[in-house]
Amino acid sequence: MSRLLACLKQLQARSLIHNTTLLQPSCNVNSVYLGADPTAASLHVGNLVALMPLVHFFLNGFPVFTVIGDATAQLGDPSGRSTSRKQMAETTRTANSNSIHNQLKDLSSSILSYAQDCNYPFSQMPSSSQWSIVRNSSWYENLKLLKFLSSVGPHVRVSQMLARDSVTTRLQSPSGLSFAELTYQLLQAYDYSYLYENHSVNLQIGGSDQWGNITAGTDLVRRTHPNANVYALTTPLLTSSSGQKLGKSAGNAIWLDPKLTDSYSLYQYFISAPDDLACKCLDMLTLLPLEQLEQIKAEHEKDPSQRIVHKYLASNVVRMVHGKKALELAQIQTKLLHGAHQAPFGFYSEAPQQGDSFPSLPEIRALFKDCKFYRTIDSSIKDQPFSRLLRTLQIYTSRKEATEHILSGAVSLGHKPILDSNYKFPDNSLFVLRAGKRTFVLDSL
Ligand SMILES: Nc1ncnc2c1ncn2[C@@H]1O[C@H](COP(=O)(O)OP(=O)(O)OP(=O)(O)O)[C@@H](O)[C@H]1O
Ligand SMILES: N[C@@H](Cc1ccc(O)cc1)C(=O)O
């Protein structure tokens, strides 16, 4: 089987293909690229969907390029947005580019070791040097405006630019479209053409919202190189239960950076996903063998309350993105916060009857101290009445709101509801706080 056929089979079986420009096993794909603009400090779960086809190409021996759009980010991609993006300070853009660069570097090695653990059917063993990370500012820095306009401009029809979805929807919207946003597609097209000419890249991947920008690139390359074979492949968009694209613009991103979304929260996101989404993500976001995916789903069907698909999905994504140690930690934290048997401090334990000793306070502190829901109570606030303390710790936005929730019985500390808004958190102790559906670990040092 050719490596392209092997790769396309994986993508097809995992429902990772939304659209392609007649990409068939007989095509001659050389190298592949995917771009992301550094409009945040981290990639997110939605980006991972678009990244997965690139991962399959990488694992089948194709050189791949991830492009950090630090030049394109200055214009702002209008695709899928109802308003213009806010201008970003150069220092923030550079910091974001650096952290996405490091993240992609870590991801490439973590994904490779995860693929080996999954016995991925490599067509040819990839080497990490076949995954390049580049910034598009590197080719715009010294490009003169007249050179750009005269090399791209004559090959692009304005009527086609205006007909792209990202443009038509915005032209009809009250906020309109800026000239910078209109020209965005020309830069992404030029990126493709630059990578084609300098690195033989002839397939660009993206989420389905990128179809217009990607085909602007295939059109440009074909016009400038009439014999070129260049392709486009888009993935379906991962959406929230309300149908919104998961991402930065909608403000519902689940970050891949553990400093922004800790491993426990990433794990929990998938554990609590609706069944249909979990089944889709199991296919798209893991590298488990195709036959095993069907077995897992069949096992899940027998008793959906066991959330078998969710457990495989959550543990595979955390393993792939954050690594083995982080997964172990997320699983211990999950047992402590959601296990079957009540344990001290409002935690749970898996099997107290087996005589396992429950972790000590320093051990629990070490397990949770890097989680976003871990809050310390230092001496400056330790005497505050409970409602005020919850406001200070940013669990509620006002003391009034905290009081209302306390009085309604929605707040518990350990396994007990706290009904007194003046309750004083005990010195030198640590407890799980439940505030409605949210969970926190409060620690008075
Ligand atoms: N929810 C999603 N599902 C599938 N692909 C996605 C999703 N979100 C982003 N992508 C894809 O990830 C790639 C990089 O996206 P990028 O980070 O530049 O923008 P974004 O996250 O879509 O940001 P924004 O929400 O601000 O538009 C693109 O190909 C995009 O289509
Ligand atoms: N336009 C893409 C990011 C991108 C940037 C440059 C490229 O060459 C390719 C893709 C997005 O916003 O999702």
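- As recorded in UniProt, the chain goes by Tyrosine--tRNA ligase, mitochondrial and comes from Schizosaccharomyces pombe.
- Of the chain, the UniProt comment under Subunit reads exactly: "Homodimer."
- Regarding the chain, the relevant UniProt record gives this comment under Sequence similarities: "Belongs to the class-I aminoacyl-tRNA synthetase family."

## Remarks on the site of ligand 1
- Neighbouring residues of ligand 1: 21 residues in total, closest His 44, Asp 209, Leu 238, Lys 245 and Leu 246.
- At a separation of 2.9 Å, an oxygen atom of ligand 1 approaches a polar backbone atom of Gly 207.
- Asp 209 places a side-chain nitrogen or oxygen 2.6 Å from an oxygen atom of ligand 1.
- The fraction of the free accessible surface of ligand 1 (600 Å²) that becomes covered by protein chains is 94%.
- It is helix α2 (residues 45-59) that contributes the most residues to the shell around ligand 1, four residues altogether.
- Along the lines of polarity and charge, the residues of the shell around ligand 1 split into seven nonpolar, nine polar and five charged.

## Structural notes on the UniProt feature "domain: S4 RNA-binding" in the chain
- Under the present numbering, the feature "domain: S4 RNA-binding" in UniProt falls on residues 384-445.
- Note that residues 384-445 is 26% helix and 29% strand, and that its end C-alpha atoms are spaced 15 Å apart.

## A closer look at the pairing of strand β12 (residues 430-435)
- Here β12 lies mainly inside the structure; five of its six residues are buried.
- Where strand β10 (residues 411-413) and β12 come together, three bridges link them in antiparallel fashion. Paired with Ser 412 across the two strands is Arg 434, which belongs to β12.
- Inspection of the sheet shows β12 paired to strand β13 (residues 438-444) by six bridges, in the antiparallel sense. Opposite Arg 434, over in β13, you have Thr 439 as the bridge partner.
- Counting the residues that bridge the hairpin from β12 to β13 gives two residues, and of these Gly 436 lies at a positive phi of roughly 65 degrees.

## Concerning the UniProt feature "short sequence motif: 'HIGH' region" in the chain
- UniProt's feature table lists "short sequence motif: 'HIGH' region" at residues 38-47, given in the numbering used throughout.
- With 30% helix and 0% strand, residues 38-47 has end C-alpha atoms that lie 12 Å from one another.

## Side note on unusual backbone geometry
- If you check the backbone angles, Ser 15 has positive phi at about 55 degrees while not being a glycine.
- In this structure, Ser 15 sits in the loop between α1 (3-13) and β1 (19-20).
- Even without being glycine, Asn 428 reaches a positive phi, approximately 45 degrees.
- Secondary-structure assignment places Asn 428 in the loop between β11 (416-417) and β12.
- Looking at Asn 428, the relative accessible area reads 58%, which means it is exposed.

## Considerations on the sheet that holds β13
- Here we have five strands laid out as an open sheet, ordered β9-β13-β12-β10-β11, and mixed in their pairing. Taken across any chain shown, the strands that pair with only one partner, and hence form the sheet edges, are β9 (374-377) and β11.
- Note: β10 against β11, two bridges, orientation antiparallel. Counterpart to Ser 412 in the pairing with β11 is Pro 417.

## Looking at the site of ligand 2
- Around ligand 2 sit 13 residues, and of these Tyr 33, Asp 77, Tyr 184, Gln 188 and Asp 191 come closest.
- Between ligand 2 and the protein, one listed contact pairs an oxygen atom with a side-chain N or O atom of Asp 191 at 2.5 Å.
- Secondary-structure elements contributing two or more residues to the shell around ligand 2 are β2 (31-36) and α8 (179-199).
- Counted by class, the shell around ligand 2 contains three nonpolar, seven polar and three charged residues.

## So, the sheet that holds strand β3 (residues 64-68)
- The strand order β1-β6-β5-β2-β3-β4 describes an open sheet built from six strands, whose pairing is mixed. Of all strands in the sheet, those with a lone pairing partner are β1 and β4 (131-135), marking the two edges.
- Relative to β3, β2 runs parallel, the two sharing five bridges. Following the sheet pairing, Ala 36 is matched in β3 by Ile 68.
- Against the sheet, α8 makes contact with β2, β3, β5 (201-207) and β6 (231-235), and its axis sits at roughly 145 degrees relative to β5, the strand it touches most.

## Notes on the packing of aromatic side chains
- Taken as a whole, this structure holds 16 aromatic pairs when the rule is applied.
- On the numbers, 5.2 Å between centres and 75 degrees between planes, the contact of Phe 58 with Trp 131 is edge-to-face. Residue Phe 58 is found in helix α2, and its partner Trp 131 is found in strand β4; the two are separated by 73 residues along the sequence.
- Residues Tyr 140 and Tyr 190 carry aromatic rings whose centres are separated by 5.6 Å and whose planes lie at 45 degrees to one another, so their mutual orientation is tilted. A residue pair is termed long-range when its members are at least 10 positions apart, and Tyr 140 in helix α4 (residues 137-140) and Tyr 190 in helix α8 qualify at 50 residues.
- For Tyr 190, a relative accessible area of 12% translates into the label buried.
- Within the aromatic cluster, the residues linked to one another by ring pairs are Tyr 264, Phe 347, Phe 358, Phe 368 and Phe 373.

Rules behind the numbers
Residues numbered from 1 in each chain as written. Chains lettered and ligands numbered in written order. Predicted model: local features only at pLDDT ≥ 70, side-chain atom pairs only at ≥ 80, totals over all residues. Heavy atoms only, no water. UniProt positions renumbered as here; feature names shortened; annotations may be inferred. Near = heavy atom within 4 Å. Polar contact = N/O pair within 3.5 Å; in protein donor to acceptor, adjacent residues only side chain to side chain. Areas by Shrake-Rupley, 256 points an atom, 1.4 Å probe, with all protein chains shown as cover. Helix = DSSP H or I, 4+ residues; strand = E, 2+ residues; numbered from the N terminus. Nonpolar A, V, L, I, M, F, W, Y, C, P; charged D, E, K, R; others polar. Buried < 20%, exposed > 50% of the residue type's maximum accessible area, 1.4 Å probe, protein only. Pairing = 2+ DSSP bridges. Contact = heavy atoms within 4.5 Å. Axes fitted to C-alpha atoms, helices over the stretch in contact; angles between N-to-C directions. Phe/Tyr/Trp six-rings, centres within 6.5 Å; stacked < 30°, edge-to-face > 60°.

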